[in-house]
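Secondary and tertiary structure notes
One-letter residues, chain by chain:
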Amino acid sequence: MTVPGQPAKQGPRSLDPHLRRYAARTAGMTASEIRALFAVASRPEVVSLAGGMPHLAALPLESLSAEIGQLVATDGLVALQYGSAHGVPLLREQICDVMALEGINGHPDDVVVTVGSQMGLDMVTRIFCDPGDVVIAEGPSYVGALGSFTAYQAQVVHVAMDADGLVPSLLREALEACKRAGQRVKFLYTIPNFHNPAGVTLAVSRRAEILEICRTYGVLVVEDNPYGLLGFDGQTYPALRSMDPDNVVYLGSFSKTFAAGLRVGWVLAPHAVREKLVLAAESATLCPPTLNQMIVSRYLSTQDWKGQIKTYREAYRERRDAAISALEQHMPQGSTWNIPDGGFYVWVTVPEGIDTKAMLPRAVTARVAYASGTGFYADGFGSRQLRISYCYPTPERIREGVRRLANVIEDEMQLAATFGATPGRQLSGPQTPSPDTA
């Protein structure tokens, strides 16, 4: 009852007045813990070993500036206009030339240019997955992929890897278990080369077997390959798409081999799937930015892009070596890690009793940041793991960052010895993608 002259009593108020309006699929969206600490982690005194940002200082910026200026001066009326959702035709032809380095015989008509490969992931999930469908993914797996799968309410079933990548026998077991449970498996999502975050490469001897298993169970393969040209010895591996064009959707990107800020990626899909992807692209963005596509196309036409990839490989190999030597020098007993042959990442397992997610704020306080392992699983695992990205900092900064990290881990070990291990934590879902976990 309201008393005259007195304000009416207010019920409990939510911090978000729109809370009841959100779609059910938003429930699993979880922010990156690095992003939550970004105001601190981005300070220059903090060594960030978290984000997979490319080493742009290796680019020929002066000549690129001149080419971009010339592009706008001569073709600005096209470059600054709307374009096709399919992508600029010349760039699609050049993308086929890039993929040919890994044995792919693609046709430009089956290439759909996207706003980064993340858009490709989103579109593929959107056109294939209904709520409750299953996606098989390596464990651990890329944060951005897990975020897309969760956003479309797909269930993620992880399959373990070893030093040679995805284990075929475990993949077969997972598919058989899903079949017995009556679950619909829509596709296998895999990063075969220089895996993010695990850093391992799928053995060539396993590739045909995995493709055969997926065909046997009627499962599509989604191959995500942003790092395939970044092997430190210059070796490239045969793409899964080159071995089974009819059952593999291939995702590529110029973010790691040219410039991430342009956000130009692509999907190479079987012809019928291509049609659905173009429609999905139109509904999402109308068209990818024409200017950005033409910049990439001009770069491929006028610059020594293969030589630039070689420069990148050498820079990342130097940084990998700095990270591995620092880990060997500083990490406490009980820690293990892989030695990647390419790409951006080292996957580290810390001693028993340490939760890398719980430790992260204390690490940032100690002026070092990393990506904790739980963000790379859909089921809450990974609390003893963390990902180190060595692609962006200088070798000196990497060594200093690893030294700081090792000190933090040793402090955590002392706390665990005194007060007991930190209880394991379960996440409600994977993190949403962001540059700090790319």
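Residues numbered from 1 in each chain as written. Predicted model: local features only at pLDDT ≥ 70, side-chain atom pairs only at ≥ 80, totals over all residues. Heavy atoms only, no water.

1. Concerning the sheet that holds strand S14 (residues 385-389)
If you trace the four strands from one edge of the open sheet to the other, you get S10-S11-S14-S13, paired in antiparallel fashion. If you trace the sheet from one side to the other, it starts and ends with strand S10 (336-337) and strand S13 (371-372), each paired once. Note that S13 and S14 share two bridges and pair antiparallel. Note that in S14 the partner of Ala-371 across the bridge is Arg-387. (Pairing = 2+ DSSP bridges. Helix = DSSP H or I, 4+ residues; strand = E, 2+ residues; numbered from the N terminus.)

2. Observations concerning the sheet that holds strand S2 (residues 111-114)
With respect to topology, eight strands assemble into an open sheet ordered S2-S9-S8-S7-S6-S3-S4-S5, the strand pairing being mixed. Because the sheet does not close on itself, it has two edges, and the strands there are S2 and strand S5 (165-166). Examined bridge by bridge, strand S4 (residues 155-162) and S5 share two bridges and lie antiparallel to one another. Within S5, the residue paired with Asp-162 across the bridge is Gly-165. Most of the contacts of helix H4 (residues 89-100) go to S2, to which it runs at about 105°, and overall it touches S2, strand S8 (248-253) and strand S9 (265-268). (Contact = heavy atoms within 4.5 Å. Axes fitted to C-alpha atoms, helices over the stretch in contact; angles between N-to-C directions.)

3. Some words on helix H8 (residues 204-216)
Every buried residue of H8 is accounted for by Arg-206, Arg-207, Ile-210, Leu-211, Ile-213 and Cys-214. For H8, the angular spread of buried residues about the axis comes to 160°, placing them on one side. In H8, the exposed positions angled more than 90 degrees off the buried face are occupied by Ser-205 and Thr-216. Just downstream of H8, Gly-218 is the residue with a positive phi angle, here 65°. (Buried < 20%, exposed > 50% of the residue type's maximum accessible area, 1.4 Å probe, protein only. Arc of directions from axis to C-beta.)

4. Re the pattern of salt bridges
Applying the stated criterion across every chain, the model contains 15 salt bridges. Linking Glu-352 and Arg-384 is a salt bridge whose minimum nitrogen-to-oxygen distance equals 3.2 Å. You can see Glu-352 sitting in the loop between strand S11 (345-349) and helix H13 (356-365) and its partner Arg-384 sitting in the loop between S13 and S14, a full 32 residues away along the chain. Residue classification places Glu-352 among the exposed residues on the basis of a relative accessible area of 61%. Across the pair Glu-396 and Arg-399 runs a salt bridge, and its minimum N-O distance is 3.7 Å. Placement of the pair is Glu-396 and Arg-399 together in helix H14 (residues 395-419), with a separation of three residues, close to one helical turn. Owing to a relative accessible area of 53%, Glu-396 belongs among the exposed residues under this scheme. Using a relative accessible area of 36% as the deciding quantity, one classes Arg-399 as partly exposed. (Salt bridge = Lys/Arg side-chain N within 4 Å of Asp/Glu carboxyl O.)

5. Description of empty space enclosed by the protein
Enumeration according to the criterion identifies two cavities of 30 Å³ or more in this entry. Taken as a whole, the largest cavity holds about 150 Å³ of empty space. Put simply, the parts of the chain that give the lining of the largest cavity at least two residues each are S8, helix H11 (290-302) and helix H12 (305-330). Ranked by residue count, the leading element in the lining of the largest cavity is S8, at three residues. Considering only residue class, the lining of the largest cavity consists of twelve nonpolar, five polar and one charged. Empty space within the second largest cavity amounts to approximately 30 Å³. Considering the residues around the second largest cavity, the lining is formed by Glu-138, Met-161, Gly-165, Leu-166, Thr-190, Ile-191, Pro-192, His-195, Val-200, Thr-201 and Leu-202. Taken together, the residues of the lining of the second largest cavity sort by class into six nonpolar, four polar and one charged. (1 Å grid on protein atoms, 1.4 Å probe; cavity = no way out; pocket = protein on both sides within 12 Å on 5 of 7 lines; lining within 4 Å. Points joined across faces, edges and corners; volume = space filled by probe spheres on them. Nonpolar A, V, L, I, M, F, W, Y, C, P; charged D, E, K, R; others polar.)

6. Concerning the nonpolar core
Ranked by internal contacts, the top residues of the largest apolar core, which has 69 residues, are Leu-91, Met-99, Phe-254, Phe-258 and Ile-388. With nine residues, H12 is the single largest residue contributor to this core. The two domains that each donate at least three residues to this core are domain 1 (27-58 + 307-419) and domain 2 (81-302). Leave out the neighbours within four places in its chain, and Phe-258 touches Leu-56, Leu-59, Leu-64, Val-296, Tyr-299 and Tyr-312. (Core = buried A, V, L, I, M, F, W, Y, C linked by side-chain atoms within 4.5 Å. Domains from an automatic or database assignment.)

7. Thoughts on the UniProt feature "domain: Aminotransferase class I/classII large" (unreviewed entry) in the protein chain
The sites that carry the UniProt feature "domain: Aminotransferase class I/classII large" (unreviewed entry) are, in the present numbering, residues 70-405. The distance from the first to the last C-alpha atom of residues 70-405 is 46 Å, and the span holds 44% helix and 17% strand. (UniProt positions renumbered as here; feature names shortened; annotations may be inferred.)

8. What about the environment of Thr-365?
As for its placement among the helices and strands, Thr-365 is situated in helix H13. Residue classification places Thr-365 among the exposed positions, given a relative accessible area of 66%. Each C-alpha atom, one on Thr-365 and one on Val-46, is 8.6 Å from the other, the two residues being 319 residues apart in sequence.

9. A look at the packing of aromatic side chains
Throughout the structure, instances matching the rule amount to 13 aromatic pairs. Each ring, one from Phe-254 and one from Trp-266, has its centre 5.0 Å from the other, and the planes form 50°; the classification is tilted. One end of the pair, Phe-254, is in the loop between S8 and S9; the other, Trp-266, is in strand S9, with twelve residues separating them in the sequence. Pair check on accessibility: Phe-254 and Trp-266 agree, each one buried. Chaining the aromatic ring pairs together yields one cluster made of Tyr-227, Tyr-312, Tyr-316, Phe-344 and Tyr-345. (Phe/Tyr/Trp six-rings, centres within 6.5 Å; stacked < 30°, edge-to-face > 60°.)

10. Considering H13
Every buried residue belonging to H13 is among Thr-356, Ala-358, Met-359, Leu-360, Ala-363 and Val-364, and all of these are buried. N-capping of H13 is provided by Asp-355, with a side-chain oxygen placed 2.9 Å from the backbone N of Lys-357. (Polar contact = N/O pair within 3.5 Å; in protein donor to acceptor, adjacent residues only side chain to side chain.)

11. Describing the domain arrangement of the protein chain
Buried accessible area, meaning the area lost when the parts come together, often serves as the stated size of an interface. What the domain assignment reports for the protein chain is domain 1 (27-58 + 307-419) and domain 2 (81-302). Here the C-alpha centroids of domain 1 and domain 2 sit 26 Å apart. Facing the 28 residues of domain 1 at the interface are 29 residues of domain 2. With both chains or domains summed, domain 1 and domain 2 bury close to 2,300 Å², and 66% of this area falls on carbon and sulfur atoms. Taken together, the links from domain 1 to domain 2 amount to zero salt bridges. At the boundary of domain 1 and domain 2, one finds twelve residue pairs in polar contact (both at pLDDT 80 or more). Breaking the side of domain 1 that touches domain 2 down by element, the ones donating at least two residues are H12 and S11. Sort the elements by how many residues they give to the side of domain 1 that touches domain 2 and H12 lands first, with seven residues. Within the side of domain 1 that touches domain 2, the residues separate by chemical class into 15 nonpolar, seven polar and six charged. (Buried area = accessible area lost by both parts, 1.4 Å probe.)

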